[in-house]
Amino acid sequence: METEVLIIGGGVLGAVVARELSRYKADVILVEKEADFGWGSTKTNMCIVCQGGDTLEFRPEYHRSKLVWESMPLMEPLCQELDVPFKRVGELALIRNNEELGKFQKLKSRAEKLGLAGHQFIDQDTLRQMEPNITQETIGGLYDPHIAMVDPVRLTIALIENAGQNGVKVMRETEVLNISQKMNQFEVETNRGSVKCRFIVNAAGTSVDKIARLVNSDDFVLYPIRGYVGILDKNLGGLIKHEIHMRPDAPGQTNILTPSVHGNLFFGTTMQPARRGDCSVTGRIAEIGLQNVRKILPDLSEKEIIHSFAGFLMFRNWEVGWHECVVQASQKVPRFISICIGYPGVSAAPATGREVTELLRREGLKLERNESFDPFRKAPPVFNELPEEQQKELVAKDRRYGHVVCRCETVSEGEIVEAVRHGATTLDGIKFRTRAGMGRCQGGFCTPRVVKILARELGLSEEKITKKGRESRLLLYKSKELLEAQL
Amino acid sequence: MKRSDIDVAVIGSGPAGMAAAIRAREEGAEHVLILERQEQLGGLLHQCVHNGFGLFYFEQDLTGPEYGHRFAEKVKDLGVQVLLETMVTRISADRQITAVNNREGVLCMRPKSIVLAMGCRERSRGQLNVPGTRPAGIFTAGTAQRFVNVEGWIPGKKVVILGSGDIGMIMARRLTLEGVEVKAVVEILPYIGGLTRNEVQCLHDFHIPLLLEHTVTEIYGQQRLEAVTIAKVNKDKKPVNGTEQMIECDTLLLSVGLIPENELSRMAGIALDPLTGGPVVDQWRETNVSGIFAGGNVVHVHDLVDEVSWEAEIAGASAARFARKEERKKEKKIVKPGRNIRYVVPQTISAQCDVTLYARVKDMEENVTLKVGDILSKSLRVVKPGEMLKMDLSHNQLMQLRDDEVELFIESAKRRQNG
């Protein structure tokens, strides 16, 4: 196989680069090692489109900071073109004392110096009106109206689908094993054969440094940092309206409670160095998480946590307490570009896509406009979100939309079948594409039903269906198989 | 039947829903409709292929499907209307029901009365916050039960079960009979969560180790589950250092509690009791929303299917009477859970007829007296959270109640000696 540009990694950054490049006539292949897109850091975060509620933000000397605020005005139009949910909720940074007030005043003036208007200090009464259910132990807040929520996995899938519509080739379950350089070409060895290419965009997420090392271009050091996120039952969805940020009381922590585009609340805390790839949630992290979120919502019962997860971010310069991103062409190897934002990758994605395109041009990629580029992509129908009349029409057209498979999120068989058509092959794939299994029973009800539909649509035996590809089969034996083996 | 003529609509067709519908018909309601989301009547009874159903209701030892079949036959005989594969998505406080099915798309109706019989769901891993990775091979016991008994698949061959609820113990036996090695049933409390009869028949008889005061402290495996660590816990349920042991397994089943399924009730503005997780009901099983009744596991989680059906019958009969606009006095006395009582159902009673109270204790205790104010006193050798208490109060006893509130409590042996 041969191509001009190979993108390694189908997370939000790889996807946004693929979609940017599909505006041009370049020959592009994207490879993803997992069974579906956005399963790394893209899926394990709080889904916030931020521009830096942290008091350290808005520093033009930092590349990452710039990518984040440049992306902010691009995100909503992007989501509209791609038909993915986007909800502007605004952010309230809680201020508890004068020391914090001072830090937020500096933040606000830095933002204004950059021409980013909109930040507004609010007093405690206004804060209580805006958020009556949260802690009263504040002296006010800093309101940023721009902050929004997205669904990063759906955004990633939409970007990739749109890139695909416009000519980018995509390969899943394709892991890069080795890269060699011959003449003016890379030869990339994968588990599915080798790909020859002239340019590489290394967007491999938590493996971005490993991939760079394959071409001896390790001119950056990254630290794996693990964060913890808890999801609260939708019944609490109305408790807060804005993304709420409280300055952490201990280093290495964050404290955020936010609505999501789908109606649950997320809370996130603790960012700690950890062994790469170890996405386990420890009892200690979960405990700190709960303690912290209770500083915002004092009466929160742990029974309302329907799920929690840990995710990885790769931070550059973690050792100096402030992290920078990697968006650069290798200094040693021509035509090799590495990208890794760390936090917040989703928020910085749109500007990163443009910048990588520019870097590729500088490295010598000829970019000729793709005249037939179509920026629009239509999302498959979400039955639960449609008005009643359209629900009826949909069922009349395809009866499977009237068969509810996931009771908690009201996901129909029609949506699951459509997700398979769009490329889902696993239980988690269905979950992230349709939300079946994401509700309060966490798949207790729908898992056997989804497995059955997946098997039917893929033409496989149910035994072959996996949770998330590779060795993650769900059902290991047929009924009576173990007994027969014992005879 | 026209959708505008429905007297009683029953949501769910498990052992509660069918019993309620039948009883509503017998009580004279002409148009009774069951809304069921699955392909056939019976709810979860289909996957409960073990016996022990109907010992009290039919005085026979039946399997789940047999128990369900008897009710389903009667539903048919009595001309109860049934809409299968129909998921109710919304109920409003004025009894408007919205449902979805693959024949009509979205359907709406406004019956004269409604019986909620949605049953309960299992507590999931997310709610437990079990530390560790997120591999395949972790199921709730009920999900595994469906795979094994309905779909014909065995999830794995080395299994650890966390929690000693009834479904977990029953699956321990079921999987053992399938040739699976059940390595341990691990319970954080000093006593089992389910019935003693299941401990004996499902665990002891099959030599399955039961580890009380233990919990799972870590889960291993990136793709498929590879092992778990279990540890002993102290009185605060925290793991004790140095007691950890790793157990190699490919499957972890969770049987850590059931939660009444009340999302629809919430939409209708029905008040829920935080102690039961179900609606606050009176002795007729009416909720605070007039004309909406509830019975079975949607109200509180029962131990026995027989009790589920009996409770739902009360709701069914009351709904039928409501549909024909039968008036009844609205006086209500609150039954309050007192010492060592987790909850009481019904939460309010009146002295208009005999009442049966159901209660669950918080902790195991021996040689106690169960008391309802000063109108009932009953000596009990042992009370356990896993076994529901049931007490009948006659009309005459209830007439003795003076206050608007009566306490139900457990008096310990010690206190009696002292007093």
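What you are looking at is a predicted structure, and each value in this text was computed from that prediction instead of being measured. Residue indices begin from 1 for each chain and proceed along its sequence in written order. Following the order in which they are written, the chains are lettered starting with A and the ligands numbered starting with 1. Note on the predicted model: pLDDT of at least 70 is required for a residue's local features to be given, and 80 or more for side-chain atom pairs to be given and counted; whole-chain, interface and lining totals, by contrast, use all residues. As a rule here, side-chain values cover all heavy atoms of the structure and leave hydrogens and water aside.

Draft legend 1. Up close: the overall build of chain B. When you go through chain B residue by residue, the secondary structure sums to 10 helices and 29 strands. By its C-alpha atoms, chain B is 65 × 65 × 40 Å across when sized along the principal axes. When each of the 419 residues of chain B is scored for burial, the buried share is 59%. Looking at chain B alone, contacts between residues at least 24 apart form 61% of all its contacts between residues at least 6 apart. Of the roughly 16,600 Å² of accessible surface on chain B, 49% is carried by carbon and sulfur atoms. Here a helix means four or more residues in a row that DSSP labels H or I, a strand means two or more in a row labelled E, and each is numbered from the N terminus. Classification of residues uses two cut-offs on accessible area relative to the type maximum, computed with a 1.4 Å probe and protein chains only: under 20% is buried, over 50% is exposed, and between them is partly exposed. The contact criterion used throughout is that any non-hydrogen atoms of two residues lie within 4.5 Å. Shrake-Rupley sampling with a 1.4 Å probe provides the accessible areas, and residues are treated as covered by the protein chains on show and by no other component.

Draft legend 2. Broad picture of the overall build of chain A. If you tally the helices and strands in chain A, you get 13 helices and 22 strands. Both definitions apply: the radius of gyration is a C-alpha atom measure, and the globule rule equals 2.2 Å times residues to the power 0.38. The globule rule puts the C-alpha radius of gyration for 487 residues at 23 Å, and the 23 Å found for chain A is close to it. Reported as C-alpha extents along the three principal axes, the dimensions of chain A are approximately 65 × 55 × 50 Å. Within chain A, the proportion of its 487 residues that are buried is 61%.

Draft legend 3. Main features of the side chain of Glu261(B). Counting through the fold element by element, Glu261(B) comes out in the loop between β20 (258-260) and α7 (263-267). Judged by its relative accessible area of 7%, Glu261(B) falls in the buried class. In contact with Glu261(B), other than residues within four places in its own chain, are Arg407(A), Met118(B), Gly119(B), Cys120(B), Arg121(B) and Val298(B).

Draft legend 4. Geometry of the interface of chain A and chain B. Across the boundary between the two partners, chain A contributes 58 residues, which contact 51 residues of chain B. Using a 1.4 Å probe, buried area is obtained as the accessible area two parts lose upon being combined, added over both of them. Between chain A and chain B lies a buried interface of about 4,600 Å² when both sides are counted; carbon and sulfur atoms form 55% of it. When residues of chain A are sorted by the area they lose upon contact with chain B, Arg407(A), Arg440(A) and Tyr477(A) head the list and together hold 12% of the total. The salt bridge definition used is simple: a Lys or Arg side-chain nitrogen within 4 Å of an Asp or Glu carboxyl oxygen. Summed over the shared surface of chain A and chain B, the result is 4 salt bridges. The partner of Glu263(B) in a salt bridge is Arg440(A), with the nearest N and O atoms 3.5 Å apart. Pairs of N or O atoms within 3.5 Å make up the polar contacts considered here, provided that, within protein, one atom can donate a hydrogen while the other can accept it, and that residues adjacent in sequence are counted only when both atoms are side-chain atoms. Between chain A and chain B we count 20 residue pairs in polar contact (both at pLDDT 80 or more) in total. Elements that contribute at least two residues to the side of chain A that touches chain B include exactly α7 (283-296), β17 (305-316), α9 (388-397), α12 (447-458), β22 (477-478) and α13 (481-486) of chain A. Each residue gets one label: Ala, Val, Leu, Ile, Met, Phe, Trp, Tyr, Cys and Pro are nonpolar, Asp, Glu, Lys and Arg are charged, and the others, such as Gly, are polar. Grouping the amino acids of the side of chain A that touches chain B by side-chain chemistry returns 21 nonpolar, 19 polar and 18 charged. A pair of strands counts as paired when DSSP detects no fewer than two bridges linking them. With 2 bridges connecting them, β22(A) and strand β12 (residues 153-154) of chain B associate as antiparallel partners. Following the sheet pairing, Lys478(A) is matched in β12(B) by Trp153(B).

Draft legend 5. Molecular detail of the packing of helix α2 (residues 63-82) of chain A against helix α8 (residues 345-362) of chain A. All names here are of chain A. Their axes nearest at 6 Å, the elements α2 and α8 cross at an angle of 95 degrees. When the axis of α2 is compared with that of α8, the two are roughly perpendicular. Contacts between α2 and α8 involve His63, Lys66, Leu67, Val68, Glu70, Ser71, Leu74, Met75 and Leu78 from the former and Val346, Ser347, Ala348, Ala349, Pro350, Ala351, Thr352, Arg354 and Glu355 from the latter. Counted by class, the contact of α2 with α8 contains 10 nonpolar, 4 polar and 4 charged residues. Helix axes are fitted to C-alpha atoms over the stretch in contact, other axes to C-alpha atoms as well, and angles between N-to-C directions run from 0 to 180 degrees. Note on terminology: angles under 35 degrees are roughly parallel, angles over 145 are roughly antiparallel, angles of 65 to 115 are roughly perpendicular, and the others are oblique.

Draft legend 6. Representation of the sheet that holds strand β11 (residues 138-140) of chain B in the model. Residue and element names in this part refer to chain B. A sheet is described by the order of its strands in space; here 5 strands give the open sequence β11-β19-β13-β14-β15, paired in parallel fashion. This sheet does not close on itself; its edge strands, each paired only once, are β11 and β15 (210-212). With strand direction ignored, the average angle separating the axes of adjacent strands in the sheet is 20 degrees. Judged from the 3 bridges that link them, strand β14 (residues 181-187) and β15 form a sheet pairing that is parallel.

Draft legend 7. Quick look at helix α2 (residues 64-77) of chain B. All names here are of chain B. Spanning 14 residues, α2 covers 20 Å between terminal C-alpha atoms, matching the ideal 20 Å at 1.5 Å per step. Every buried residue belonging to α2 is among Gly64, Tyr67, Gly68, Phe71, Ala72 and Val75, and all of these are buried. Down the axis of α2, the smallest arc covering the buried residues is 130 degrees, so these residues share one side. Exposed positions of α2 whose direction lies more than 90 degrees from the buried face are Lys76 and Asp77. The elements touched by buried residues of α2 are α1 (15-26), β2 (32-35), β3 (51-53), β4 (62-63), β5 (81-83) and α8 (305-323). Just beyond α2, the residue with positive phi is Gly79, at close to 70 degrees. For a helix, the expected span equals 1.5 Å multiplied by the number of residues minus one. Think of it as the arc spanned by the lines of direction from the helix axis to the C-beta atoms.

Draft legend 8. Summary view of the nonpolar core. The criterion is simple. A nonpolar core is a set of buried Ala, Val, Leu, Ile, Met, Phe, Trp, Tyr and Cys residues joined through side-chain atoms within 4.5 Å. Ile7(A), Leu21(A), Met75(A), Leu155(A) and Ile339(A) are the most contacted members of the largest nonpolar core, which totals 70 residues. Discounting chain neighbours no more than four positions away, the residues touching Leu155(A) are Val12(A), Met75(A), Leu78(A), Cys79(A), Leu82(A), Val84(A) and Val346(A).

Draft legend 9. Fine view of the sheet that holds strand β8 (residues 148-150) of chain A. Residues and elements named next belong to chain A. With antiparallel pairing, the 3 strands of this open sheet are ordered in space as β3-β8-β4. Two strands in the sheet have a free side with no partner beyond their single neighbour: β3 (48-49) and β4 (86-88). Here 2 bridges tie β3 to β8, and the two strands are oriented antiparallel to one another. For Ile48, the partnering residue across the bridge sits in β8 and is Met149. The sheet contacts of α2 involve β3, β4 and β8, and relative to β4 the element is tilted by about 135 degrees.

Draft legend 10. Here's a closer look at the pattern of salt bridges. This structure, assessed with the given rule, holds 59 salt bridges over all chains. Notably, a salt bridge pairs Asp36(A) with Arg433(A), separated by 2.8 Å at the nearest N-O pair. Highlighted residues: Asp36(A) in the loop between β2 (28-31) and β3 and Arg433(A) in helix α11 (residues 427-434), separated in sequence by 397 residues. Given a relative accessible area of 1%, Asp36(A) falls into the buried group. Its relative accessible area of 12% is what places Arg433(A) among the buried residues. For Glu311(B), the salt bridge identified is with Arg285(B), shortest N-O distance 2.7 Å. On the criterion of sequence distance, the pair formed by Glu311(B) in helix α8 and Arg285(B) in the loop between α7 and β21 (292-294) is long-range, its members being 26 residues apart. This pair shows no difference in class: Glu311(B) is buried, exactly as Arg285(B) is. Residues joined by salt bridges that share partners form a network here, namely Asp233(A), Arg407(A), Arg440(A), Arg121(B), Glu261(B), Glu263(B) and Arg266(B).

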